[in-house]
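Chain residues, written in single-letter form:
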Amino acid sequence: MLKPLNDYLVLEKASGEKKVGSIILTSEKKVANVGTVVALGSGRKDEKGNLHPIEGLKAGDKVVYREYSGTDYEDGEKKYLLIKAEDVLAVIE
């Protein structure tokens, strides 16, 4: 499992596929930039060394993130995205 550092998050990317039995149905529509928070870093440090934890997010939150942000990472069939917390635009409730 990935453990993000500083003000980074690990998101599990939403898939545009739906599995029905052994058949995988794909959507031709572009999947929105949606993911689920898997892990959070400890936060960012300011110039004085004070730690500012990531606020407003927790593991399990479904979020919308900025397009073209972060770094993709694959672990088996799971697809993850490592992004800065500031690239999260909204939490889906």
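Above this note sits the structure.
Report on the accompanying structure. (Residues numbered from 1 in each chain as written. Predicted model: local features only at pLDDT ≥ 70, side-chain atom pairs only at ≥ 80, totals over all residues. Heavy atoms only, no water.)

Bringing the sheet that holds strand β8 (residues 71-75) into the picture now. The antiparallel open sheet is built from six strands, whose spatial order is β8-β9-β1-β4-β7-β10. Since the sheet does not close on itself, it has two edges, and those belong to β8 and β10 (88-92), each with one partner. In this sheet, adjacent strand axes meet at a mean angle of 40° when their direction is disregarded. Summarising the sheet, strand β1 (residues 8-13) and strand β4 (residues 34-40) pair through five bridges and their orientation is antiparallel. Bridge assignment links E12 to a residue of β4, and that residue is T36. (Pairing = 2+ DSSP bridges. Helix = DSSP H or I, 4+ residues; strand = E, 2+ residues; numbered from the N terminus. Axes fitted to C-alpha atoms, helices over the stretch in contact; angles between N-to-C directions.)

Evaluated as defined, the whole model comprises five salt bridges. Of the charged contacts in the structure, one is a salt bridge between K84 and D7, with a shortest N-O distance of 3.1 Å. Within this pair, whereas K84 is found in strand β9 (residues 78-84), its partner D7 is found in the segment before β1, the two being separated by 77 residues in sequence. Close ionic contact of K58 with D61 constitutes a salt bridge, the shortest N to O distance being 2.9 Å. By relative accessible area, which is 53% here, K58 ends up exposed. (Salt bridge = Lys/Arg side-chain N within 4 Å of Asp/Glu carboxyl O. Buried < 20%, exposed > 50% of the residue type's maximum accessible area, 1.4 Å probe, protein only.)

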